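# Reading the structure
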Amino acid sequence: MLFVGITLVVAQVFQTMIHNRLKKELTLTEASQVFESWKNPPPPVYMEYYFFNVTNPEVFLAGGKAVVTQIGPYTYREYRPRENVTFLENGTKVYALNPKSFVFVPEKSRGNPEVDILRTVNIPAVAVMSELNSYSFLLRTIVSMYMKSIGVEIFMTRTVHEVLWGFKDPLLTKIHSIRPEVDEMFGLMWKKNGTHEGEFVFLTGERDYMEYGRIDTWNGLTEMSWWSSNQSNMINGTDGSVFHPLLSRKELLYIFAADLCRSIHLGYVEDVDVKGIPAYRFAPPHDVLQSPEENPTNAGFCVPAGDCLGTGVLKVSVCREGAPIVVSFPHFYQADDKYINAVDGLHPNKEEHETYLDLNPTTGVPIRACKRAQLNIILNRVQGFPETKHLNEIIFPIMFVNETATIDDDSAAQMRTLLLIVTLVSNFPLLIVGMGAILLIVLVVLVCRSRQKKNEVKRIDFTEAFHSFTTAKDETAYTQVSDKPEVEPSENNYTNQPMRNGSYIAMSPVEAQKC
């Protein structure tokens, strides 16, 4: 058993067997164990919205430093079932839509979005000014006068609900009357409640377990065309909901984030434990949003080529209809100090502002996820708009989101049971080795005891023989012929007896003792 167990451990027979089983079961097919949870994710997903309320807009427009205070979170339960699931190419690919719906959760919120007032940047107005920057000075002046006549300013005051879910903007309404394709409604989440982020085709992992959940096409595209390099336009990785099993600490995980208009990668950070389930924590490394001076591969995200920002920010105007939108991590976490210090009230820290994924390395299933991203806008001086004459270019924070999900208790219990089975099967050869070692110890003990008994028998035989020999010697005694005491020879004795050399002694056996 010891020999067989060691052979199985070295050959990793059982480990290979259970790994092959996992590779077969963890696929996006109707027969797999994870397909239903992929279609209808059981863990609750919460979306938290935080806003930066501007407390001194007049001072900022006069050339001073803006001061912001963070308000929120305004928490919404996110429902994201997959719809129109269709298998393609003999089950090697699967088509799906992923609409998202949001329901307000007051008990997890700090404030009422329909009541709380927010003063923030008027994004439609800034977008129009940015768009007109390439037009004639006369046109910009006319538009500026019209904006002033209808009360449109750089900063607006609205309820949180309006800013988030939409309101009828007066400037966009006027533009809509001229250009009907422009929507007269504006909201950061306008038309995003109950809608999807595009049509996805995923690889099921039937051909190769490393392809499990990987995006094949998005909106019919295998690569994007927004950025200035082929590498930047690549659609890499999964959508963040699944990853291939048997993860390694050394690998980079890729996620395509449609709201960021690009793919990002995550690297291993540390081992963690979530509800008794071991997991690897992966997070975006510092080089994801590094400036091209520090990381030349990011030069492809500069549009037009050479028009680059600093570390920690990404301009996404190319996929936001030309609006000067910039994304970053919350509070400009991992960004250059110049962005953090440009506005008072920002306090970046790792615990509250880092994006991370906790994945079970055996199954690749996300145990806990925390996706954090901040929306910013570029403000600068635009000729023809008097309100901007004191502005220097600044990336102004608007709001950030914290999308979280943690495995529920029932799923966690099932996961622990699965991992226990995997561990027992994988370590079964070690059990054989242990039993073989125990039997070997028993064998050694028995052999030693057997030899000890033989030695005891030999000692007993020798003792009995020695005892018999000594007893025989004791049974033989020496005695004189006469019991009379020996007397000194005299002259008479010499005359009556013959001469003897000393005393004459005879030996006779003593009578055997009677019972």
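Please refer to the structure higher up on the page.
These notes cover the structure that comes with them. Nothing here was measured: the structure is a model prediction, and the numbers come from that model.

Okay, the packing of helix H5 (residues 123–132) against helix H6 (residues 137–149) next. Where H5 contacts H6, the two axes come as close as 10 Å, and the packing angle between them is 165°. By the angle class used here, H5 and H6 are roughly antiparallel. The way H5 lies across H6 gives a crossing that is right-handed. Along its contact with H5, which presents Ala125, Val128 and Leu132, the element H6 presents Leu139, Arg140, Val143 and Met147. Here the residues of the contact of H5 with H6 sort into six nonpolar, no polar and one charged.

The biggest cluster of nonpolar side chains holds 104 residues, and the ones touching the most others in it are Tyr49, Phe51, Phe60, Leu188, Ile377, Phe396 and Met399. At seven residues, the largest contribution of residues to this core is made by strand S20 (residues 394–406). Beyond its immediate sequence surroundings of up to four residues, Phe51 is in contact with Thr69, Gln70, Ile71, Tyr74, Leu118, Val160, Val163, Leu164, Leu188, Ile398 and Met399. Val272, Val274, Met415 and Leu419 belong to the second-largest nonpolar core, a separate cluster that totals nine residues.

The subject of this paragraph is H5. With seven of ten residues buried, H5 lies mostly within the body of the structure. Residues of H5 that are buried include every one of Ile123, Pro124, Ala125, Val126, Val128, Met129 and Leu132, and no others.

A word on the pairing of strand S12 (residues 253–257). Most of S12 is tucked away: four of the five residues are buried. Here S12 hands over to strand S13 (residues 262–274) after four residues, with Cys261 in that stretch at a positive phi of 65°.

A disulfide bridge is the covalent bond that connects two cysteines by way of their sulfur atoms. Taken as a whole, this structure holds two disulfides when the rule is applied. For Cys261, the disulfide goes to Cys319, at an S-S distance of 1.7 Å. In this structure the cystine formed by Cys261 and Cys319 twists about its S-S bond by roughly 85°; its chirality is therefore right-handed. Here Cys319 lies in the loop between strand S15 (313–315) and strand S16 (325–328) and Cys261 lies in the loop between S12 and S13, a separation of 58 residues in the sequence. Cys302 shares a disulfide with Cys308; S-S distance 1.9 Å. The disulfide joining Cys302 to Cys308 has a torsion of about 120° about its S-S bond and is therefore right-handed. Under the relative-accessibility criterion, Cys302 is labelled buried at 4%. Here the cysteine-cysteine linkages of the protein chain are recorded as 1-4, 2-3, numbering only bonded cysteines and doing so in sequence order.

With that out of the way, let us pick up empty space enclosed by the protein. For the structure on display, the rule yields one cavity of 30 Å³ or more. Roughly 140 Å³ of internal volume is contained in the largest cavity. Along the wall of the largest cavity there are 16 residues; nearest its centre are Asn298, Phe301, Leu309, Val313 and Leu314. No other element matches the three residues that S15 contributes to the lining of the largest cavity.

The rules behind the values
- Residues numbered from 1 in each chain as written.
- Predicted model: local features only at pLDDT ≥ 70, side-chain atom pairs only at ≥ 80, totals over all residues.
- Heavy atoms only, no water.
- Axes fitted to C-alpha atoms, helices over the stretch in contact; angles between N-to-C directions.
- Helix = DSSP H or I, 4+ residues; strand = E, 2+ residues; numbered from the N terminus.
- Parallel < 35°, antiparallel > 145°, perpendicular 65-115°, else oblique.
- Left-handed = near helix turned anticlockwise from the far one by under 90°.
- Contact = heavy atoms within 4.5 Å.
- Nonpolar A, V, L, I, M, F, W, Y, C, P; charged D, E, K, R; others polar.
- Core = buried A, V, L, I, M, F, W, Y, C linked by side-chain atoms within 4.5 Å.
- Buried < 20%, exposed > 50% of the residue type's maximum accessible area, 1.4 Å probe, protein only.
- Pairing = 2+ DSSP bridges.
- Disulfide = S-S within 2.5 Å.
- 1 Å grid on protein atoms, 1.4 Å probe; cavity = no way out; pocket = protein on both sides within 12 Å on 5 of 7 lines; lining within 4 Å.
- Points joined across faces, edges and corners; volume = space filled by probe spheres on them.

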